[in-house]
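# Chain and residue survey
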Number of protein chains: 2
Amino acid sequence: MLSSPGGNPHHPSTVAELGEFGLIRELTSRLDTTPSVHLGPGDDAAVVAAPDRRVVATTDILLEGRHFRRDWSTAYDVGRKAAAQNLADVAAMGAVPTALLLGLVVPAELPVNWPTELMDGIRDEARVAAAAVVGGDVTRGDVITVAITALGDLRDKAAVTRSGARAGDVVAVTGWLGWSAAGHAVLSRGFRSPRAFVEAHRRPEPPYHAGPAAAGLGATAMTDVSDGLIADLGHIAVASRVRIDVRSRQLDVPLQMSDIGQAVGVDPLQWVLTGGEDHAIVATFPRDRKLPARWRVIGEVLPPTGTPQVTVDGAPWDRAGGWDHFGPDQD
Amino acid sequence: MLSSPGGNPHHPSTVAELGEFGLIRELTSRLDTTPSVHLGPGDDAAVVAAPDRRVVATTDILLEGRHFRRDWSTAYDVGRKAAAQNLADVAAMGAVPTALLLGLVVPAELPVNWPTELMDGIRDEARVAAAAVVGGDVTRGDVITVAITALGDLRDKAAVTRSGARAGDVVAVTGWLGWSAAGHAVLSRGFRSPRAFVEAHRRPEPPYHAGPAAAGLGATAMTDVSDGLIADLGHIAVASRVRIDVRSRQLDVPLQMSDIGQAVGVDPLQWVLTGGEDHAIVATFPRDRKLPARWRVIGEVLPPTGTPQVTVDGAPWDRAGGWDHFGPDQD
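These remarks concern the structure in this document. Quick caveat: nothing in here was measured; it's all calculated off a predicted structure.

Buried within helix 6 (residues 195–202) of chain A are the following residues: Phe197, Val198, Ala200, His201 and Arg202 of chain A. In this fold, the buried residues of helix 6 of chain A make contact with helix 3 (75–91), helix 5 (179–188) and helix 9 (255–264) of chain A.

What follows is the structure, given as structure tokens:
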């Protein structure tokens with residue numbers, strides 16, 4: 001098995017030299033399996049366990065230049081991130097991720113180690129969620145394109161949609177908020193530290209286990225934070241026909257994030273409230289529910305009062321106001 | 001609901017004018033549902049019935065210029081074809097297709113009716129197989145890219161892989177062979193008729209029902225013909241460690257296909273043996289099995305004898321020989 005094609009003169013160094021079937025062999029040789037995988041790559045289709053008799057499925061398509069940059073992120077990190085955002089969508093339905101499928105477009109002149117390291121990253125992120133890569137398709141094209149589909153199992157619980165929040169519910173979050181955005185601010189100003197935030201931008205750590213756990217705790221609505229807390233709570237508010245108020249003092253703004261904010265002239269609350277890509281999980285729960293320690297109550301669900309449907313401390317969050325004189329900071 | 005955006009001055013005419021959310025609304029408004037769809041588009045993920053407790057899953061990624069041409073095929077036909085090739089993969093496992101997911105890259109300046117007509121085509125092909133589109137993702141990029149994932153249900157039967165063929169089995173096929181290749185030959189020479197073959201190239205008609213039916217009839221190995229009969233039988237031969245011999249006189253070469261061959265100087269058997277994209281289904285069965293009328297026995301499974309693993313009338317099929325002086329004819 002080939003682990004470092006670029007370093008070995010006997011191995012081809014570009015996708016074109018290796019060829020389509022060679023690349024597929026190379027990619028599938030890196031995969032592992034789980035008990036959920038009845039049939040992995042290599043046939044017309046894969047077969048994956050769906051013990052619940054329902055399967056949760058979601059897909060995302062990512063382009064170089066638009067969703068990732070090869071000079072900011074390694075192929076491995078792109079793989080981790082691409083897998084993470086799909087696995088987080090599955091978890092945010094209350095499901096346990098089981099499998100990933102990968103559609104990949106690679107330029108002919110791309111060094112082979114780029115797709116193989118991407119595959120390593122996808123495989124390793126799948127492992128974190130106890131899932132496995134079960135199939136895929138590779139073709140040549142000018143722009144690196146990564147299309148991932150994730151599947152999951154609901155384990156006999158109802159799917160938690162965005163539409164079940166009720167006035168009186170509390171809003172709670174688990175995972176990281178604003179870390180990726182703070183890391184992006186650091187990187188976009190040419191810095192490489194503080195490392196924890198740069199790492200958070202390169203490789204999110206969604207709390208996969210928290211999704212199914214929240215379903216078990218009776219979450220009434222749930223989503224992962226991929227567009228930013230206010231935007232994603234907005235999706236819940238619209239789908240549930242409610243208003244949601246976030247209390248800013250209940251949000252966690254780490255001291256080091258405040259320091260970065262000070263250094264670059266951005267209110268760190270802006271990152272926490274509008275930064276996506278950390279894939280925290282936010283959910284609404286009946287008020288009487290005792291939540292585990294890692295959930296933080298950050299607001300409440302109110303009857304609808306027109307727009308805005310999400311407020312911060314009772315007022316609209318004015319993204320353009322105050323600190324944000326660098327303008328939109330997210331891709 | 002918008003049915004013909006280009007013709008209405010009040011509606012935006014390009015993807016950029018409509019915007020991402022507008023396009024997603026436009027695409028999802030065209031979809032329908034089936035009893036298998038517990039939750040369709042609009043949440044973090046879809047939820048699809050998997051009554052068998054296993055789900056069959058496959059994915060393909062198609063690029064403009066490489067897999068389709070806008071001047072040869074309408075958006076609607078590209079959608080039909082992209083859906084068909086994934087649905088056929090599910091059927092070729094012996095499963096009943098249930099759902100499709102779509103990842104779509106569209107250029108900003110693309111007229112909106114291109115992606116909406118693509119969606120219509122995907123939806124209509126899904127309907128033929130009694131499946132539905134349940135989710136997707138849309139992003140902007142320079143090259144139209146269509147990534148489709150298909151799911152299916154095995155209905156309590158074992159999946160039919162490529163690896164179960166045994167010496168003594170018969171090889172049988174159902175669906176169309178060589179029609180798409182003959183249509184491609186017609187189109188590539190600037191003609192638009194005979195229409196039946198041109199249509200077959202633009203819009204394949206895989207026999208979806210035949211896959212699960214073959215599983216019920218005890219098929220030992222199965223695949224859909226997407227790379228050409230010899231190539232796809234080669235996949236079965238390799239996976240099953242057998243040799244497969246095809247008898248050319250048992251293949252159906254329609255008179256009109258012979259006429260086209262005559263006109264363009266190609267042995268029509270070449271299309272039947274090496275043309276992909278019709279997505280016929282080919283399977284191996286125990287010799288004593290009575291097959292329904294639409295299955296045609298075309299060869300037999302023999303003990304392995306080294307390469308070639310697939311022969312025609314006992315001899316290697318020499319693709320370059322005889323009639324094929326136009327060289328490789330397929331994309």
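Moving on from the coordinates now.
With that settled, consider the environment of Val297 of chain A. Residue and element names in this part refer to chain A. Looking at the secondary structure, you find Val297 in strand 11 (residues 296–302). Once the C-alpha coordinates of Val297 and Phe285 are considered, the two residues, twelve residues apart in sequence, prove to be 9.6 Å apart. Those residues within four positions of Val297 in sequence are excluded, and the remaining contacts are Val170, Val171, Ala172, Gln250 and Leu291.

Moving on to the interface of chain A and chain B. Accessible area lost upon the coming together of the parts serves often as the stated size of an interface. Of the residues lining the interface, 48 residues belong to chain A; the matching set on chain B comes to 48 residues. Here chain A and chain B share an interface that buries about 3,900 Å² over both sides, 59% of which is from carbon and sulfur atoms. For chain A, the biggest contributors to the area lost against chain B are Asp44, Arg53 and Ile61 of chain A; these three give 19% of the whole. For the interface between chain A and chain B, the tally reads four salt bridges. Asp43 of chain B is paired through a salt bridge with Arg162 of chain A; the nearest N and O atoms lie 3.7 Å apart. Our enumeration of links across chain A and chain B arrives at 25 residue pairs in polar contact (both at pLDDT 80 or more). At the level of elements, strand 1 (37–39), strand 2 (46–49), strand 3 (54–63), strand 4 (96–106), strand 5 (132–140), strand 6 (145–153) and strand 8 (221–224) of chain A are the ones that each hand at least two residues to the side of chain A that touches chain B. In terms of residue count, the dominant contributor to the side of chain A that touches chain B is strand 3 of chain A (nine residues).

Residue position: Leu151 of chain B is located in strand 6 (residues 145–153). Judged by its relative accessible area of 0%, Leu151 of chain B falls in the buried class. C-alpha separation for the pair Leu151 of chain B and Ala57 of chain B, spaced 94 residues apart in sequence, amounts to 4.6 Å. With residues up to four places along the chain from it excluded, the contact list for Leu151 of chain B reads Val55, Ala57 and Leu151 of chain A together with Val55, Val56, Ala57, Val90, Val96, Pro97, Thr98, Ala99 and Leu101 of chain B.

Quick look at the relation of the copies chain A and chain B now. Both copies of the chain are tied together by a single rotation about an axis and a shift running along it. Placing chain A over chain B gives an RMSD of 0.0 Å and needs a rotation angle of 180 degrees, together with 0.0 Å of translation along the axis. One copy is carried onto the other by what is essentially a two-fold rotation axis. Of the C-alpha atoms belonging to chain A, the one lying closest to the rotation axis is found on Arg53 of chain A, 2.4 Å away.

If you walk through the whole model with that rule in mind, you get eight aromatic pairs over all chains. With 6.0 Å between their ring centres and 25 degrees between their planes, Phe68 of chain A and Trp114 of chain A make a pair best called stacked. A residue pair is termed long-range when its members are at least 10 positions apart, and Phe68 of chain A in the loop between strand 3 and helix 3 and Trp114 of chain A in helix 4 (residues 113–128) qualify at 46 residues. The class for Phe68 of chain A is buried, based on a relative accessible area of 7%. Residue Trp114 of chain A is classed as buried on the basis of its relative accessible area, which comes to 9%. Relative to Trp295 of chain B, the ring of Phe285 of chain B lies with its centre 5.2 Å away and its plane at 85 degrees, an arrangement referred to as edge-to-face. Separated by ten residues along the polypeptide, Phe285 of chain B in strand 10 (residues 281–285) and Trp295 of chain B in the loop between strand 10 and strand 11 (296–302) bring together distant segments of the chain. Taken individually, Phe285 of chain B and Trp295 of chain B each receive the classification buried, so the pair is uniform in this respect. In this structure an aromatic cluster arises from ring pairing among Trp176, Trp179 and Phe197 of chain A. A cation sits over an aromatic face here: Arg69 of chain B above Trp72 of chain B, 4.2 Å from the ring centre.

About the criteria used
Residues numbered from 1 in each chain as written. Chains lettered and ligands numbered in written order. Predicted model: local features only at pLDDT ≥ 70, side-chain atom pairs only at ≥ 80, totals over all residues. Heavy atoms only, no water. Buried < 20%, exposed > 50% of the residue type's maximum accessible area, 1.4 Å probe, protein only. Helix = DSSP H or I, 4+ residues; strand = E, 2+ residues; numbered from the N terminus. Contact = heavy atoms within 4.5 Å. Buried area = accessible area lost by both parts, 1.4 Å probe. Salt bridge = Lys/Arg side-chain N within 4 Å of Asp/Glu carboxyl O. Polar contact = N/O pair within 3.5 Å; in protein donor to acceptor, adjacent residues only side chain to side chain. Least-squares fit on C-alpha atoms with pLDDT ≥ 70 in both. Phe/Tyr/Trp six-rings, centres within 6.5 Å; stacked < 30°, edge-to-face > 60°. Lys NZ or Arg CZ within 6 Å of the ring centre and 35° of its normal.

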